[in-house]
Each structure stands twice: as C-alpha cells, then as structure tokens.
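Secondary and tertiary structure notes
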Amino acid sequence: MASDQYFIRNQNAIYFLTMTVVDWIDVFTRKEYKFLITDSLIYCQKEKGLQIHGWCLMSNHLHLLASAKDGYNLSDILRDFKKFTSKKIVAAINSEVEIRKDWMLYRFEFAGKFKVNVKDYKFWQDGNHAMECFSYEFTKQKLNYIHQNPVRASIVDEAENYLFSSARNYAGLKGLVETNFI
C-alpha cells in the first residue's frame, strides 16, 4: 500500500509523478507503444486540462512534472490517462507481431487477476508515486532527474537528444509534447 505522502492532495499544484508498468516490463521499446503514450499526453493537454512541465518516457515507466488547469482535477486526468493507455497498449500488443506477446499478456492478466476493479489486464502499477513540488528548487531538481534518466541509462549522451522527453523543449528544440516551462 502506498504511503499517504504519495497521494495528490492539492489538485492544482505541480507534481512529480512516476507511472510504472506492472512488473517493470519493458513495453516501451517499440515506437508504436511510445507514440500511444505521447498521443495520449497531447490529448489530455487539449481536452482534459493537463499541463506538462516536464516528461520522459523510459522503457517501463513514465515520469511527469504535471499540474491541472483551473477547474480540472489532476487525479481524474491521470486516472483517465492510465485507463485509456492501458486498453490501447494491450490492444496494440494483441494485434502487433510481438515476440513477447503471450508472456506480456500473461503478466498483465496475472497482475489483474485478484483485483476486483480489473476486468482483464492490469497494465500500470497502482499509484503514481506523486510528490508535490513544494518549491522551485525541488521542481528544478525533479526536472533535472527526469531529463537525465536516458543519460543515466546510457541511451543518449545528451538529454536533449532523447526524442521522448521534454529535455528537447528546454534545449530550444522541437519536442513531441508541448511543455509549460517552469
């Protein structure tokens, strides 16, 4: 069970969030699945009031620095995002030529087997490991942590070279997802 400190209490604050695939399965190694995430983030920005201040999609988790516009609820946005992307990615895994298909679907099915709120597959772990950004310094620290993730993983040498991150936006390059700078 998640600690109380990781719940979203202030719906309009900026939060550092981590959404992780069950069993830390490396799903986001295929560009098709990655673009399902970026397309969903863009949709949530346009239609659901999501403000993204920083983000990075790794092979098995997504980091966000995010808030909700006035009149919107960050918890609701994240719930809907996870529900929608879960269904879309599982459907894509089912329809793609994916060598790990049976294994992944088994893991997602097993993860949801004993959860009353899961019908077929559980894709995301419970919770978002939400940490409220209580100061500018803390927010900048988390933004740096997010952007350095692919560098620490030896995917790229420079953070702005990673396509699936807001580091590009902060470096003045065209990013995949619009970013509200902090």
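In what follows, the accompanying structure is described.

Conventions and cut-offs
- Residues numbered from 1 in each chain as written.
- Predicted model: local features only at pLDDT ≥ 70, side-chain atom pairs only at ≥ 80, totals over all residues.
- Heavy atoms only, no water.
- Axes fitted to C-alpha atoms, helices over the stretch in contact; angles between N-to-C directions.
- Helix = DSSP H or I, 4+ residues; strand = E, 2+ residues; numbered from the N terminus.
- Parallel < 35°, antiparallel > 145°, perpendicular 65-115°, else oblique.
- Left-handed = near helix turned anticlockwise from the far one by under 90°.
- Contact = heavy atoms within 4.5 Å.
- Nonpolar A, V, L, I, M, F, W, Y, C, P; charged D, E, K, R; others polar.
- Buried < 20%, exposed > 50% of the residue type's maximum accessible area, 1.4 Å probe, protein only.
- Polar contact = N/O pair within 3.5 Å; in protein donor to acceptor, adjacent residues only side chain to side chain.
- Pairing = 2+ DSSP bridges.

**Thoughts on the packing of helix α1 (residues 31-47) against helix α2 (residues 74-95)**
- Here α1 crosses α2 at 150 degrees, and the two axes come no closer than 10 Å. Between α1 and α2, the crossing angle belongs to the class labelled roughly antiparallel. Along this stretch, α1 crosses α2, giving a crossing that reads as right-handed. Of the residues in α2, those touching α1 at Tyr33, Leu36, Ile37, Ser40, Leu41 and Cys44 are Ile77, Phe81, Phe84, Thr85, Lys88, Ile89, Ala92 and Ile93.
- Of the residues assigned to the contact of α1 with α2, the class counts are eleven nonpolar, two polar and one charged.

**Concerning the side chain of Thr179**
- When you line up the elements, Thr179 lands in the segment after α5 (167-170).
- Owing to a relative accessible area of 9%, Thr179 belongs among the buried residues under this scheme.
- One polar contact links Thr179 to Asn169, side chain to side chain, over a distance of 3.4 Å.
- In this structure the side chain of Thr179 is engaged in a polar contact, spanning 3.3 Å, whose partner is the backbone oxygen of Val177.
- Setting aside anything within four residues of it in sequence, one finds Thr179 in contact with Ile52, His53, Gly54, Trp55, Ser166, Asn169 and Tyr170.

**Points about the side chain of Asn149**
- For Asn149, the position within the fold is in helix α4 (residues 136-152).
- On the accessibility criterion, Asn149 (8% relative accessible area) is buried.
- Contact partners of Asn149, with chain neighbours within four places excluded, come to Cys56, Met58, His61 and His63.

**Details of the sheet that holds strand β4 (residues 131-132)**
- Ordered in space as β2-β3-β1-β4, the four strands form an open sheet in which the pairing is antiparallel. Of all the strands in the sheet, the pair left with one neighbour each is β2 (50-57) and β4.
- For β2 and strand β3 (residues 61-68), the ladder comprises seven bridges, and the chain directions are antiparallel. Across the sheet, the residue bridging to Leu50 is Ala68, located in β3.
- Where α1 meets the sheet, its contacts fall on β2 and β3, and the angle it forms with β2 comes to roughly 165 degrees.
- Running over the sheet, α4 touches β1 (15-20), β2, β3 and β4 and is turned about 150 degrees from β3.

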